[in-house]
Amino acid sequence: MDNTAWANIEHQVEVILRLHRMRQQILGAEIFGDPAWEILLQLYLSTSKGEQLATKDFDWIAPPTTLARWITVLEERGWVECILIGVKQTDLRMRLSAEGKAKMCRLFRDLRHPILVS
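Report on the accompanying structure. (Residues numbered from 1 in each chain as written. Predicted model: local features only at pLDDT ≥ 70, side-chain atom pairs only at ≥ 80, totals over all residues. Heavy atoms only, no water.)

1. Comments concerning the packing of helix 2 (residues 35-48) against helix 3 (residues 64-76)
Two packed helices can be described by the angle between their axes and the distance between those axes. The geometry of helix 2 relative to helix 3 is characterised by a closest axis approach of 9 Å and an angle of 70 degrees between their N-to-C directions. Between helix 2 and helix 3, the interaxial angle falls into the category roughly perpendicular. As helix 2 runs across helix 3, the sense of the crossing is right-handed. Taking contact as the criterion, the partners of Pro35, Ala36, Ile39 and Leu40 in helix 2 are, on helix 3, Thr66, Leu67, Trp70, Ile71 and Leu74. In terms of residue class, the contact of helix 2 with helix 3 is built from eight nonpolar, one polar and no charged. (Axes fitted to C-alpha atoms, helices over the stretch in contact; angles between N-to-C directions. Helix = DSSP H or I, 4+ residues; strand = E, 2+ residues; numbered from the N terminus. Parallel < 35°, antiparallel > 145°, perpendicular 65-115°, else oblique. Left-handed = near helix turned anticlockwise from the far one by under 90°. Contact = heavy atoms within 4.5 Å. Nonpolar A, V, L, I, M, F, W, Y, C, P; charged D, E, K, R; others polar.)

Put into structure tokens, the structure is as follows:
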């Protein structure tokens with residue numbers, strides 16, 4: 001994927017995440033349940049920047065127990081890799097696996113919705 005295409009996808013993901021945060025602020029988080037999707041979006045965006053995220057980076061998405069459950073599900077599917085860099089739970093870092101990145105790239109590449117096309 002060339003840099004222009006990647007930048008366009010990165011922009012799309014940023015818009016989606018901004019919309020989700022605004023949705024939570026305005027309408028309330030308790031009626032929406034997208035933790036797995038939010039985690040994948042956040043990890044996809046961090047991948048473009050070469051970053052690994054910590055569990056604290058997902059605090060805005062859901063309570064810790066919900067996050068842990070969904071991170072486990074995504075890891076079991078092979079879409080997320082968890083790396084422990086210390087001995088505490090806060091030392092856990094995450095990134096998309098090669099399979100997870102490929103699936104997210106395919107999703108955004110194949111998506112032709114007008115709101116997401118620049």
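2. Concerning the pairing of strand 3 (residues 92-96)
Burial along strand 3 is one-sided: the face carrying Leu92, Met94 and Leu96 is buried and the face carrying Arg93 and Arg95 is not. Relative to strand 3, strand 1 (residues 53-54) is paired through two bridges, and the arrangement is antiparallel. Bridging across to strand 3, leucine 53 finds its partner in methionine 94. Alignment of strand 2 (residues 80-84) against strand 3, held across five bridges, turns out to be antiparallel. Across the sheet, residue valine 80 finds its bridge partner in strand 3, namely leucine 96. (Buried < 20%, exposed > 50% of the residue type's maximum accessible area, 1.4 Å probe, protein only. Pairing = 2+ DSSP bridges.)

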